[in-house]
Amino acid sequence: YYNTLLFDAAGRNYRTAAEYYLQTGETDRYASNRLKEADCAIKSDDIQSAEKIAEEVWELRNDISSKNLNKYFQIMIFIAEECSIGKALSHVSRYIDQFGSSPYMDWLLVSRIYLEADEIQAAEAALERHPGNYPLNAPYYYQKARLLEIKGMHKEALDAYRKYIELHSRIGSDILSKDTKFIEERGMHQEM
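Numbering of residues begins from 1 in every chain and follows the order in which that chain's sequence is written. Under the rules for a predicted model, residues below a pLDDT of 70 receive no local features and side-chain atom pairs below 80 are neither given nor counted, while totals for whole chains, interfaces and linings still include all residues. Computation of side-chain values: all heavy atoms of the structure, hydrogens and water removed.

(A) Seen up close, the overall build of the protein chain. Starting at the N terminus, helices and strands are each numbered in turn, a helix being any DSSP run of H or I of at least four residues and a strand any DSSP run of E of at least two. Scanning the protein chain from terminus to terminus reveals nine helices and zero strands. Should any heavy atoms of two residues lie within 4.5 Å, those residues are counted as being in contact. In the protein chain, the proportion of contacts linking residues at least 24 apart, taken out of those at least 6 apart, comes to 49%. Summing over all exposed atoms, the protein chain offers an accessible surface of approximately 12,000 Å²; the carbon and sulfur share of this is 50%. A 1.4 Å probe and the Shrake-Rupley method give the accessible areas. Residues count as covered only by the protein chains that appear here.

Shown next as structure tokens:
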């Protein structure tokens, strides 16, 4: 459901999975699925539900993994961004304090928020901290292109936009290929 952009259905299923994990005492997996549910709520423009879910997960902060706590901060930044860029910056500051040296840190998110706040140097510094092991990351090139364009480096920005389009197009064709294979396999199973 999530991959086909049916976020309401995906959210309901994440909620069901979370309830099962809670029954088996797996708090970290419970929190993980609740955060995925919150992400679906954000994508469905149900910010209040997302915020409520995040608050519930925050109560479990001492019992969940760093990876899920990191995801909590990301969700809170997305929620805050819906209110105001100032509120989002406040959450970014807390996020950096908590996870600045963590391998889970989402520097692209931080860079984007700084860019929206017209804090160009901070946005550029955050983008430079994006891990080098993701060179074929389409969102990275989009963010890089936006920064280069603002700095007046139009040729470099155009090259980054081209790389973004190339990578983004490849992602789309990969998804289409996987979806087609899934449909073919489902058809075969139904015939059997």
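Picking up after the structure, the text goes on.
(B) Highlighting the side chain of S102. Structurally, S102 can be placed in the loop between α5 (85-99) and α6 (107-116). Counting of polar contacts relies on pairs of N or O atoms within 3.5 Å, with two restrictions inside protein: one atom must be capable of donating a hydrogen and the other of accepting it, and residues adjacent in sequence are counted only when both atoms are side-chain atoms. Side-chain polar atoms of S102 contact the backbone nitrogen of Y104, separated by 3.0 Å.

(C) Spotlight on the pattern of salt bridges. What counts as a salt bridge is simple: a side-chain nitrogen of Lys or Arg found within 4 Å of a carboxyl oxygen of Asp or Glu. According to the stated counting rule, one finds 12 salt bridges in the structure shown. The partner of R34 in a salt bridge is E37, and the shortest N-O contact between them spans 2.7 Å. Residue R34 and its partner E37 are both found in helix α2 (residues 27-43); the two are separated by three residues, about one turn of the helix. Residue D159 is joined to K155 by a salt bridge in which the shortest nitrogen-to-oxygen separation is 3.3 Å. In this pair, D159 and K155 are both assigned in helix α9 (residues 154-191), four residues apart and thus about one turn of the helix distant. Residues joined by salt bridges that share partners form a network here, namely R15, E19, R34, E37 and E56.

(D) Molecular detail of the packing of aromatic side chains. Working definition: a ring pair exists when centres of Phe, Tyr or Trp rings (six-membered ring for Trp) sit within 6.5 Å. Plane angles under 30 degrees give stacked, over 60 give edge-to-face, the rest tilted. Evaluated as defined, the whole model comprises 10 aromatic pairs. Measuring from ring centre to ring centre gives 5.8 Å for F73 and F99, while their planes differ by 65 degrees; the resulting arrangement is edge-to-face. Here the residue F73 occupies a position in helix α4 (residues 66-83), and F99 occupies one in helix α5, the gap between them amounting to 26 residues. Of the two residues, F73 and F99, neither departs from the other in class, the shared state being buried. Taken together, a centroid distance of 5.1 Å and an interplanar angle of 85 degrees make the contact between Y140 and Y141 edge-to-face. Partly exposed describes any residue whose relative accessible area lies between the buried limit of under 20% and the exposed limit of over 50%, with all areas from a 1.4 Å probe on protein chains only and scaled to the type maximum. For Y140, a relative accessible area of 19% corresponds to the buried category. Residue Y141 is classed as buried on the basis of its relative accessible area of 16%. Grouping aromatic residues by their ring pairs yields a cluster made of W58, Y72, F73, Y95 and F99. A positively charged side chain is recorded as over a ring if its NZ (Lys) or CZ (Arg) lies within 6 Å of the ring centre. The angle to the ring normal must also be within 35 degrees. Between R94 and the ring centre of W58, over which it is positioned, the NZ or CZ distance is 5.8 Å.

(E) Broad picture of the nonpolar core. The set of buried Ala, Val, Leu, Ile, Met, Phe, Trp, Tyr and Cys residues whose side-chain atoms join them within 4.5 Å is what this entry labels a nonpolar core. Formed by 40 residues in total, the largest nonpolar core has its most connected members in Y72, I75, I79, Y95, V110, I113 and Y114. Of all the elements in the fold, those that place two or more residues in this core are α2, α3 (47-58), α4, α5, α6, α7 (120-128) and α8 (138-150). The element best represented in this core is α4, accounting for eight residues. If sequence neighbours within four positions are ignored, Y72 has contacts with L35, A54 and W58.

(F) Quick look at unusual backbone geometry. Its identity as a non-glycine residue notwithstanding, L5 has a phi of 65 degrees, on the positive side. Among the structural elements, L5 can be located in the segment before α1 (7-23).

(G) Spotlight on the environment of R61. Within the fold, R61 resides in the loop between α3 and α4. For R61, a relative accessible area of 32% puts it in the partly exposed group. Separated by 30 residues in sequence, R61 and A31 place their C-alpha atoms 9.1 Å apart. Polar side-chain contacts of R61 include one of 2.9 Å to the backbone oxygen of W58.

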